[in-house]
Amino acid sequence: MPNWCQNSVEFSHSDKTKLDELEKELQKEKGVEIFMHLRPYEGEWEYMWCAENWGTKWEANVYDWSREDDNTIKIHFDTAWGPPLALFEFLSENEWQIDAFYNEEGVCFAGYWNNYDACEYDYSGMTADEIEHSIPSEINDVFGIVENRRDWEDENEDEDDEFTEEEQEQALEELKKDYENLLKEQTDKE
């Protein structure tokens, strides 16, 4: 199972019919395939083709969208492992305006892509305060990265306080005894 990358993207085009067609795809009750709509492959799914042409191996998992105006649709979706940068590049070459923010919490990177103006930030190993000073507020506002990290820090801080060193040693001794008993039972059965 992959790490999921969150994406918040505005797709704009001067030709309103392009957005009307994309909206029609988004209105499907099941099987929404925005990548296939925007840059379809022929035949059966191929990992390498998708990775090279979309920038991710699977279709987007759309969870929210809105028609902002005649020429813009904002879509929130997840992708496997990272954002679909190859798709964004292709669309930009075909008169689309792409304004994208993305965040991959598992590997701890986030960024933006705006028709070739792009930047990515690695926040692995950072505290919430460090992230707040390292990642643009626009990205944090979309995904709540700092708040999520603070919550994680608070949860882990509480876990550290749950056991004293003496309690940890006692628990380890109990595990060792249980293991020895299990081994003895196995030996007796044989």
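In this text, all values refer to a predicted model and were calculated from it rather than measured experimentally.

## Considering the nonpolar core
Phe11, Leu22, Ile34, Ile75, Phe77, Trp96 and Ile98 are the most contacted members of the largest nonpolar core, which has 22 residues in total. Among the secondary structure elements, those contributing two or more residues to this core are strand E1 (4-13), helix H1 (16-26), helix H2 (34-38), strand E3 (72-80), helix H4 (85-93) and strand E4 (96-104).

## Details of H1
Listing the buried residues of H1 in full gives Leu19, Leu22, Glu23, Glu25 and Leu26. Each buried residue of H1 sits inside an arc of 155° when the element is viewed along its axis, so together they form one side. On its buried side, H1 packs onto E1, H2, strand E2 (61-69), E3 and E4.

## What about the packing of aromatic side chains?
All chains considered together, the criterion is met by 10 aromatic pairs. Ring centres of tryptophan 4 and tryptophan 58 lie 6.1 Å apart, and the angle between their planes is 35°; on these two criteria the pair is classed as tilted. One end of the pair, tryptophan 4, is in strand E1; the other, tryptophan 58, is in the loop between helix H3 (47-53) and E2, with 54 residues separating them in the sequence. By relative accessible area, tryptophan 4 is classed as partly exposed at 34%. With centroids separated by 6.4 Å and ring planes inclined at 90°, the aromatic side chains of phenylalanine 11 and tryptophan 96 adopt a geometry described as edge-to-face. Of this pair, phenylalanine 11 sits in strand E1 while tryptophan 96 sits in strand E4; the two residues are 85 residues apart in sequence, bridging distant segments of the chain. Judged by relative accessible area, tryptophan 96 falls into the buried class, the value being 8%. Through a chain of ring-to-ring contacts, three or more aromatic side chains come together here, namely Phe35, Tyr41, Trp49, Trp54 and Phe77. Geometry around phenylalanine 90 places arginine 39 over its ring, the cationic atom sitting 3.9 Å from the centre. Taking the ring centre of tryptophan 58 as reference, the NZ or CZ of lysine 57 above it sits at 4.2 Å.

## A short note on the pattern of salt bridges
Enumeration over the complete set of coordinates arrives at seven salt bridges. A salt bridge links lysine 176 to glutamate 173, with the nearest nitrogen and oxygen atoms 3.8 Å apart. Residue lysine 176 and its partner glutamate 173 are both found in helix H8 (residues 165-189); the two are separated by three residues, about one turn of the helix. Accessibility expressed as a relative area gives 40% for lysine 176, which makes it partly exposed. A network of salt bridges, in which partner residues are shared, links Lys16, Asp20, Glu23 and Arg67.

## Regarding H4
For H4, the complete set of buried residues consists of Leu87, Phe88, Leu91 and Ser92. One face of H4 carries all of its buried residues, which in axial projection span an arc of 135°. Lining the buried residues of H4 we find E1, H2, H3, E4 and strand E5 (109-114). Glutamate 95 sits one or two positions beyond H4 and adopts a positive phi of about 70°.

Cut-offs used in this document
- Residues numbered from 1 in each chain as written.
- Predicted model: local features only at pLDDT ≥ 70, side-chain atom pairs only at ≥ 80, totals over all residues.
- Heavy atoms only, no water.
- Core = buried A, V, L, I, M, F, W, Y, C linked by side-chain atoms within 4.5 Å.
- Buried < 20%, exposed > 50% of the residue type's maximum accessible area, 1.4 Å probe, protein only.
- Helix = DSSP H or I, 4+ residues; strand = E, 2+ residues; numbered from the N terminus.
- Arc of directions from axis to C-beta.
- Contact = heavy atoms within 4.5 Å.
- Phe/Tyr/Trp six-rings, centres within 6.5 Å; stacked < 30°, edge-to-face > 60°.
- Lys NZ or Arg CZ within 6 Å of the ring centre and 35° of its normal.
- Salt bridge = Lys/Arg side-chain N within 4 Å of Asp/Glu carboxyl O.

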